[in-house]
Amino acid sequence: MDKLRNKKVSFIMNTDWIFDGVLDSEQKQYVLLDYFQKMNKYLEDMKIYPMFIELSLHLGNIQTLLTQNKILYVDRQFTSNDDELILSDLKLKDIPVLADEEVEEYHKILKMAQPQLHDYFNFAKSIWSVAYDSVEVTLKKNKPKDKLYIWRYVTKKVYKVKNQTRTSLTLVYEGLQNELTIQDIISKFSKTYDKNNEESYPVFEVSSDDIFPLQETLIPMFKRKVVAYIKQGTSIKKNIKLEWV
C-alpha cells in the first residue's frame, strides 16, 4: 500500500495551458471542456484528490492572470494523493510576450474560462463537502475491528517559512486486529514508538461511508479532518507526532 501512496502524482493540465500552442479562444474552449470531461471521470467515482488540488490551482491561476497578468504554478513533485498544497509552494512567472492580435484573444480566453472554472470548482466542492462531512473523528484508545489501517502522523513547520505547516503520514500497519489492542499494534509495528511516552500519544479513530475510495478520497479527508480536530483544541507545536487509526 505504501508503494501505491508513494507513486508520483501527475496533474491533468498545466497552468500555462492558455499559452500552449495557438492562442485561440475557440480552441481553448475545447481544451477546457476536455479537462472537465477528464475530471468528471474521477468525480463520478468519488475520487477527489489530487484532482481537487489541481482544480483549486487552476482557479487561482485564472484569478492571478486577470489581476496580475502572471501565471500561478508549483514546481515541486506531489508524491501522494493526500499531499498538501501550501502557500509557500505557489510560484509566479510572467506570461509570454504577446503580439497585438493575440492580446484580444488572451482576454477572450480569460473571460470565457474564469466563470467555467469557478462553476466547476463549486460542483467539485459540493462533492468534497459530502465526503468531508461523512468522516467522523473521535479520540480513542482501543476498539475491535476486523481490519485496521494505522498511520503515523507528523506535522512540522515548513523550513524557513513562517506560520505554515506540512503534514505527512506513514502506514504503520494494515491487517487483521485479532486479539491485539491498538496500543499493542503500535508498539510492535511503529519504528518511532517510545514506551516511556506512550500515554502522550493521542490515538484517533476515523470512519466514513464505504462509497468513497480509500486512496483518492478517504485518506486525504482523514488527514484534513484530524488536523482540523487538533487545531480546535490545541496550537500546533514544532513537531506533533500522532498515531491514528
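Relevant structure appears above.
Residues numbered from 1 in each chain as written. Predicted model: local features only at pLDDT ≥ 70, side-chain atom pairs only at ≥ 80, totals over all residues. Heavy atoms only, no water.

A. Summary view of the overall build of the protein chain. Summing up its helical and strand segments, the protein chain has six helices and seven strands in all. Starting at the N terminus, the α and β elements of the protein chain follow one another as α-α-α-β-β-α-β-β-β-α-β-α-β. Looking at the protein chain as a whole, 44% of its 245 residues are labelled buried. Residue pairs in contact within the protein chain that sit at least 24 positions apart in sequence constitute 74% of those at least 6 positions apart. Counting every atom, the protein chain has about 14,100 Å² of accessible surface; 50% of that belongs to carbon and sulfur. (Helix = DSSP H or I, 4+ residues; strand = E, 2+ residues; numbered from the N terminus. Buried < 20%, exposed > 50% of the residue type's maximum accessible area, 1.4 Å probe, protein only. Contact = heavy atoms within 4.5 Å. Areas by Shrake-Rupley, 256 points an atom, 1.4 Å probe, with all protein chains shown as cover.)

B. View of the nonpolar core. Ranked by size, the top nonpolar core spans 49 residues in total, and within it Ile18, Phe19, Leu32, Leu65, Tyr106 and Leu117 carry the most contacts. Those elements giving two or more residues to this core turn out to be helix H2 (25-44), helix H3 (51-68), strand E1 (70-74), helix H4 (100-134), strand E6 (203-207) and helix H6 (214-233). For this core, the leading source of residues is H4, giving 13 residues. Setting aside residues up to four positions removed in sequence, leucine 117 forms contacts with Leu32, Tyr35, Phe36, Leu55, His58, Leu59 and Ile62. (Core = buried A, V, L, I, M, F, W, Y, C linked by side-chain atoms within 4.5 Å.)

C. Local environment of the pattern of salt bridges. In total, this model carries six salt bridges according to the counting rule given. Measuring nitrogen to oxygen at the nearest pair gives 3.1 Å for the salt bridge that ties aspartate 34 to lysine 38. Of this pair, aspartate 34 and lysine 38 both sit in helix H2, four residues apart, which is roughly one turn of the helix. With a relative accessible area of 37%, lysine 38 lands in the partly exposed category. A salt bridge links arginine 76 to aspartate 83, with the shortest nitrogen-to-oxygen separation between them at 3.2 Å. Several salt bridges share partner residues, and in doing so they unite Arg76, Asp83 and Asp89 into one network. (Salt bridge = Lys/Arg side-chain N within 4 Å of Asp/Glu carboxyl O.)

D. Examining unusual backbone geometry more closely. With an omega of 5°, the peptide bond between tyrosine 49 and proline 50 qualifies as cis. With respect to the helices, strands and loops of the structure, proline 50 is situated in the loop between H2 and H3. In the Ramachandran plot, methionine 46 falls in the positive-phi region, its phi being about 60° despite a non-glycine side chain. Structurally, methionine 46 is set in the loop between H2 and H3. For asparagine 69, which is not a glycine, the phi torsion comes out positive at approximately 55°.

E. Local environment of the environment of leucine 148. With respect to the element layout, leucine 148 can be found in strand E4 (residues 147-157). Overall, leucine 148 belongs to the buried group, its relative accessible area being 2%. For the pair leucine 148 and glutamate 174, spaced 26 residues apart in the sequence, the C-alpha separation amounts to 5.6 Å.

F. Just the side chain of histidine 58, in detail. On the secondary structure map, histidine 58 appears in helix H3. Within the structure, the side chain of histidine 58 is placed 2.9 Å from the backbone oxygen of methionine 13, a separation counted as a polar contact. Those residues in contact with histidine 58, other than ones at most four positions away along the chain, are Met13, Asn14, Thr15, Trp17, Tyr35 and Leu117. (Polar contact = N/O pair within 3.5 Å; in protein donor to acceptor, adjacent residues only side chain to side chain.)

G. Summary view of the environment of tyrosine 149. As for its placement among the helices and strands, tyrosine 149 is situated in strand E4. For the pair tyrosine 149 and leucine 176, spaced 27 residues apart in sequence, the C-alpha to C-alpha distance is 9.1 Å.

H. Quick look at helix H5 (residues 182-189). If you check which residues of H5 are buried, you get Ile182, Gln183, Ile185 and Ile186. Buried residues in H5, looked at end-on, bunch into an arc of 160°, giving them a common side. (Arc of directions from axis to C-beta.)

I. Geometry of the environment of tryptophan 17. Tracing the sequence through the fold places tryptophan 17 in the loop between helix H1 (2-5) and H2. Along the primary structure tryptophan 17 and histidine 58 are separated by 41 residues, whereas in three dimensions their C-alpha atoms are 9.7 Å apart.

J. Highlighting the packing of aromatic side chains. Per the stated rule, a full pass over the model turns up nine aromatic pairs. Taking the centre distance of 5.3 Å and the plane angle of 45° together, the rings of phenylalanine 11 and phenylalanine 78 count as tilted. Of the two residues, phenylalanine 11 is situated in the loop between H1 and H2 and phenylalanine 78 in the loop between E1 and strand E2 (90-94); the sequence distance between them amounts to 67 residues. For phenylalanine 11, a relative accessible area of 25% gives the class partly exposed. Judged by its relative accessible area of 4%, phenylalanine 78 falls in the buried class. With centroids separated by 5.6 Å and ring planes inclined at 65°, the aromatic side chains of tyrosine 120 and phenylalanine 123 adopt a geometry described as edge-to-face. Of this pair, tyrosine 120 and phenylalanine 123 both sit in helix H4, three residues apart, which is roughly one turn of that helix. (Phe/Tyr/Trp six-rings, centres within 6.5 Å; stacked < 30°, edge-to-face > 60°.)

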